[in-house]
Amino acid sequence: MIVDLEPMEGSPALQRRFAQPGYIFTFATERARLMGIVAGGVLLLVLLYLLLAPREYSGRSMVIIDPRKQEAIKSDPVLSGLEPDATVVETELQMLQSRSLAEQVGKDLGLDRDADFIAPPSGLLRGLKALIRGGGQTDPGRGMTDKLLGGLDVARVGTSYAISIGWTGDDPGLAARIANQYAQRYIINQVDTKDSATAQVNSKIRDRLDEIRKQLTDAEARVVAFRQKTGLISAMDPANSSVQIGALGQQAALARAQAAEQAALLAAAQRASGPASPAAQASQAVQTLRAQQGTIEARAAELNTRYGPQHPLVQQVAEQQRDIAAMIDREVALANRGAQDAARAAASAAGSRAGSSASSLGTARGSFAANNVATVRLAELERDAAALTELYQSYLSRYKETGVEVGMQSPDARIISRAVPPFDPSSPNIPLTFALGILLALFAGIGAGIIAELLLFVKLKRNETAFVG
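Residues numbered from 1 in each chain as written. Predicted model: local features only at pLDDT ≥ 70, side-chain atom pairs only at ≥ 80, totals over all residues. Heavy atoms only, no water.

Q: I'm lost on the overall build of the protein in this one. Help?
A: Per the secondary structure count, the protein includes 15 helices and 4 strands. Put simply, 83% of the contacts in the protein that link residues at least 6 apart link residues at least 24 apart. (Helix = DSSP H or I, 4+ residues; strand = E, 2+ residues; numbered from the N terminus. Contact = heavy atoms within 4.5 Å.)

Here is the structure:
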């Protein structure tokens, strides 16, 4: 303690009190009781606060905006995923603190039907605030939302993509459930948002598909009607028509060559009518009969040598030789006649094909010359129909993709830590409050002693002034 001794000159009482060498010890011993009472009182008030203050508990869960993307199917999503950066994380923090999310969390947990939770807080201070604002809370839903937002604590964890979600209340179990439901509802809303956007796009694509289908049906009907009117099968440009006419010319030339070849074969078949004809030589029946004829002739020669020409056995074998020769003649005639009939039919068919090819070539040339304008118009109609078909297929493919995506969306965040009911209250912080109370009691006791010394100094100084006067 520093005391100005200048005014104490000539004042024995002040010097004895404040200028003695052991003043600090004297101060401590004489003011110990006062300082102890004040410090004890302050410490008692702190203890009373710790005993009477309402306990609040904090539950805390944690989610992370996952840079990894889960793809159940390979397609272009309607709503792209979140790209984790500082701006996106800050945006998600604001979303977590929105009133709409708080309302959803409250309804998920049934807090809108919990009279104890939505009851307005009591107390003199809150009553004064309500009076200043012009009345108490009348909307239970708003009261629930305000209480949820009042206890909410959302913060980014350092510079990571993790977000801490905490909620503080007087029930540790409820605090943990609310923190967990905030995280769960946040994940569900991400999936619902994607599903909703995908369903809306799918519905719009379906409506557009109906329009394109009607346009395509009309375009195809116009193509069919124009073909029926003009007799055209398909639209051809001049180059394609020339190619087709050239192909028909080649087919006609080939058909004429085949017809001439078949006519030559028919003439050859008609000239070759004996047993040496190719048809007779190729006949299996003729070959079999000739083999039998050889066997009979060998037997006849053997019998003739042995018995002579007048023997009955020789006469019998001779009769067999005549019969087999007659049979060979009949089979040769049949084979030649069959070959001639086949050659005649082939020649006739080849001639018919040649005539048909020539007719087709003439018709194609005439149609190309006569229907050039109609062909151009048909090509235009077919292009319109083809373009609508391609557009329809594109929309149909996208419609199927978005239809599959509905209900298969994955969130951009995931829960990495769930809240558990806390054992110790988060408010008041008993160890910290008690330590601060001890420091406050110590400073209050010392301050009370110093004030008492200052009052004594003022009293002694006043008495000295009165004595001198």
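Q: So what exactly am I meant to see when it comes to a nonpolar patch on the surface here?
A: On the surface, Leu44, Leu45, Leu48, Leu51 and Leu52 cluster together into a nonpolar patch covering about 560 Å² of accessible area. Among the secondary structure elements, Leu48 is positioned in helix H3 (residues 32-52). Look at Leu48 and you get partly exposed, because its relative accessible area is 39%. (Patch = residues over 30% accessible without salt bridge, like charges linked within 9 Å, V, L, I, M, F, W, Y side chains within 5 Å. Areas by Shrake-Rupley, 256 points an atom, 1.4 Å probe, with all protein chains shown as cover. Salt bridge = Lys/Arg side-chain N within 4 Å of Asp/Glu carboxyl O. Buried < 20%, exposed > 50% of the residue type's maximum accessible area, 1.4 Å probe, protein only.)

Q: I'm lost on the confidence of the model for the protein in this one. Help?
A: Any residue range with low pLDDT should be treated as having predicted coordinates unsuitable for detailed reading. For the protein, the average pLDDT comes to 75, and 68% of its residues sit at 70 or higher. Low pLDDT (under 50) marks residues 1-10, which in the prediction has 17 contacts with non-local residues, meaning those over four places away or in another chain. (pLDDT = per-residue confidence, 0-100.)

Q: Whenever I open this one, the sheet that holds strand S4 (residues 413-417) confuses me. Can you help?
A: Through backbone hydrogen bonds, the strands of a sheet pair up, either in parallel or in antiparallel fashion. Across the sheet, 4 strands lie side by side as S2-S3-S1-S4; this open sheet has antiparallel pairing. In this open sheet, the two edge strands, each paired with only one partner strand, are strand S2 (152-156) and S4. Neighbouring strand axes in the sheet, compared pairwise and without regard to direction, differ in orientation by 25 degrees on average. Strands strand S1 (57-65), S2 and strand S3 (162-169) of the sheet are contacted by helix H4 (residues 86-96), whose axis makes an angle of about 175 degrees with S2. (Pairing = 2+ DSSP bridges. Axes fitted to C-alpha atoms, helices over the stretch in contact; angles between N-to-C directions.)

Q: Help me understand H3, please; the structure alone is not making it clear to me.
A: Residues three or four positions apart in an α-helix share a direction because the helix packs 3.6 residues into each turn. The terminal C-alpha atoms of H3 lie 29 Å apart, and with 21 residues this matches the ideal 30 Å at 1.5 Å per residue to within 8%. Among the residues of H3, those classed as buried are Met35, Ala39, Val42, Val46 and Leu50. The buried residues of H3 occupy one face: seen down the axis, they fall within an arc of 90 degrees. Away from its buried face by more than 90 degrees, H3 exposes Arg33, Ile37, Leu45, Leu51 and Leu52. (Expected span 1.5 Å × (residues − 1). Arc of directions from axis to C-beta.)

Q: Looking at this model, I keep getting lost on the nonpolar core. Mind explaining?
A: Note that soluble globular proteins tend to have their nonpolar side chains buried in a common cluster. Counting residues in hydrophobic clusters, the biggest one holds 26 residues, and the most contacted among them are Phe117, Leu148, Ile163, Ile165, Ile178 and Tyr182. Those elements that place two or more of their residues in this core are S1, H4, helix H5 (99-108), helix H8 (140-150), S2, S3 and helix H9 (172-230). With 7 residues, H9 is the single largest residue contributor to this core. For Tyr182, the contacting residues outside a window of four places in its chain are Leu96, Leu101, Ala102, Val105, Leu148, Leu149, Leu152 and Ile165. Counting 13 residues, the second-largest nonpolar core is a separate cluster that includes Ile205, Leu216, Ala219 and Ala385. (Core = buried A, V, L, I, M, F, W, Y, C linked by side-chain atoms within 4.5 Å.)

Q: Before we go on, may I ask you to explain the pattern of salt bridges in this structure?
A: Pairing between side chains of opposite charge can happen when the charged atoms of each approach one another. Applying the stated criterion across every chain, the model contains 14 salt bridges. The salt bridge partner of Arg185 is Asp108, with a shortest N-O separation of 2.8 Å. Of this pair, Arg185 sits in helix H9 while Asp108 sits in helix H5; the two residues are 77 residues apart in sequence, bridging distant segments of the chain. A residue is classified by how much of its surface remains accessible, and Arg185, at 13% relative accessible area, is buried.

Q: Would you mind showing me how to read the pairing of S3 here?
A: Regular strands place side chains that alternate from one sheet face to the opposite one. Counting buried positions along S3 gives 7 out of 8 residues, so the element sits mostly inside the fold. Alignment of S2 against S3, held across 5 bridges, turns out to be antiparallel. Its bridge partner lying in S3, Arg156 is registered against Ile163.

Q: Honestly, the environment of Gln320 in this entry has me stumped. Any pointers?
A: Residue position: Gln320 is located in helix H13 (residues 312-370). Taking the relative accessible area as the measure of exposure, Gln320 reaches 34% and is therefore partly exposed. Expressed as a C-alpha distance, the spacing of Gln320 and Ile296, which sit 24 residues apart in the sequence, is 7.3 Å.

Q: Would you mind going over the packing of aromatic side chains with me for this structure?
A: For any pair of aromatic rings, geometry is given as the distance between the ring centres together with the angle between the planes. In this structure the tally under the stated criterion is 1 aromatic pair. Taking 6.1 Å as the distance between ring centres and 35 degrees as the angle between the ring planes, the aromatic pair formed by Phe117 and Trp167 counts as tilted. Of the two residues, Phe117 sits in helix H6 (residues 115-118) while Trp167 sits in strand S3, which places them 50 residues apart along the sequence. The exposure classification of Phe117 matches that of Trp167, with both residues buried. The aromatic ring of Tyr395 is capped on one face by Arg208, whose charged end is 6.0 Å from the ring centroid. (Phe/Tyr/Trp six-rings, centres within 6.5 Å; stacked < 30°, edge-to-face > 60°. Lys NZ or Arg CZ within 6 Å of the ring centre and 35° of its normal.)

Q: I would appreciate a short explanation of H5 in the present structure.
A: Along H5, the positions that sit buried rather than exposed are Leu101, Ala102, Val105 and Gly106. Projected down its long axis, H5 carries its buried residues within an arc of 135 degrees, all on one side. Looking one or two places after H5, you find Gly110, whose phi comes out positive at around 70 degrees.

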